[in-house]
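# Observations on chain architecture
Single-letter residue listing:
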Amino acid sequence: MLTCKEQVARSSDYLDGQLSFRERLMVRHHLMFCPNCRRFVRQMRLMQATLRAMPEEPVPGVDDLAERLSAERQKHNTQP
Ligand SMILES: [Zn+2]
């Protein structure tokens, strides 16, 4: 059986469906017997759902950077 530490390390992959069949079984098995980890996974799932529901904020400075990079590239391209 997994330890709680191993369980926690796999939690995010478990929620993302990234685990192998075998590992998923191990996680489910642990969750069956460990109320603490069950609560942890439930909270994590809730948090992921909340994060996904949030509107995506534009990252400040990215447009600026992209513009500067493309200006650099054009300068480079015009050189002989
Ligand atoms: Zn546990």
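A brief report on the enclosed structure follows. Everything numeric here is computed off the predicted structure, so don't read it as measured data. (Residues numbered from 1 in each chain as written. Predicted model: local features only at pLDDT ≥ 70, side-chain atom pairs only at ≥ 80, totals over all residues. Heavy atoms only, no water.)

## Notes on the packing of helix α1 (residues 4-16) against helix α2 (residues 21-33)
Where α1 contacts α2, the two axes come as close as 10 Å, and the packing angle between them is 120°. Between α1 and α2, the crossing angle belongs to the class labelled oblique. For the pair α1 and α2, the sense of crossing is left-handed. Across the interface between the two elements, C4, Q7, R10 and Y14 from α1 touch E23, R24, V27, R28, H30 and L31 from α2. For the contact of α1 with α2, a count of residues per class yields four nonpolar, two polar and four charged. (Axes fitted to C-alpha atoms, helices over the stretch in contact; angles between N-to-C directions. Helix = DSSP H or I, 4+ residues; strand = E, 2+ residues; numbered from the N terminus. Parallel < 35°, antiparallel > 145°, perpendicular 65-115°, else oblique. Left-handed = near helix turned anticlockwise from the far one by under 90°. Contact = heavy atoms within 4.5 Å. Nonpolar A, V, L, I, M, F, W, Y, C, P; charged D, E, K, R; others polar.)

## What about the coordination of the zinc ion?
Around the zinc ion, the protein contributes the donor atoms C4 (SG), H30 (NE2), C34 (SG) and C37 (SG), which lie 2.0 to 2.3 Å from the metal centre. With four donor atoms in place around the zinc ion and angles of 101 to 116° between them, the coordination shape is tetrahedral. Spacing between the donor residues of the zinc ion along the chain follows C-x25-H-x3-C-x2-C. Highlighted residues: C4 in helix α1 and C34 in the loop between α2 and α3 (35-53), separated in sequence by 30 residues. (Donors = N, O, S within 2.8 Å, 3.2 Å for Na, K, Ca; no water. Tetrahedral: all angles 85-135°; square planar, octahedral: opposite > 155°, others 65-115°.)

## Section: the nonpolar core
Listed in full, the 10 residues of the largest apolar core are L2, Y14, L15, L19, V27, L31, C34, C37, V41 and M44. When contributions to this core are tallied by element, the ones reaching two or more residues are α1, α2 and α3. For this core, the element with the highest residue contribution is α3, accounting for three residues. When neighbours within four sequence positions are excluded, V41 is seen to be in contact with Q7, S11, Y14, L15 and L31. (Core = buried A, V, L, I, M, F, W, Y, C linked by side-chain atoms within 4.5 Å. Buried < 20%, exposed > 50% of the residue type's maximum accessible area, 1.4 Å probe, protein only.)

## Some points on α2
The first and last C-alpha atoms of α2 sit 19 Å apart over 13 residues, in line with the 18 Å expected at 1.5 Å per residue. Along α2, the residues that are buried comprise V27, H30 and L31. Looking straight down α2, one finds that the buried residues subtend no more than 100° of arc, so they occupy a single side. Of the residues in α2, the exposed ones pointing more than 90 degrees away from the buried face are F21, R22, M32 and F33. The secondary structure elements touched by the buried residues of α2 are α1 and α3. (Expected span 1.5 Å × (residues − 1). Arc of directions from axis to C-beta.)

## Thoughts on α3
End to end, α3 covers 27 Å across 19 residues, agreeing with the expected 27 Å (1.5 Å per residue, within 8%). Packing partners of the buried residues in α3 comprise α1 and α2.

## Description of the pattern of salt bridges
Following the criterion strictly, the structure yields two salt bridges and no others. When the shortest N-O distance is used, the salt bridge between E23 and R10 registers 3.0 Å. Highlighted residues: E23 in helix α2 and R10 in helix α1, separated in sequence by 13 residues. A salt bridge links E72 to K75, with the shortest nitrogen-to-oxygen separation between them at 3.3 Å. Residue E72 and its partner K75 are both found in helix α4 (residues 62-78); the two are separated by three residues, about one turn of the helix. The partly exposed category is assigned to E72, whose relative accessible area is 44%. (Salt bridge = Lys/Arg side-chain N within 4 Å of Asp/Glu carboxyl O.)

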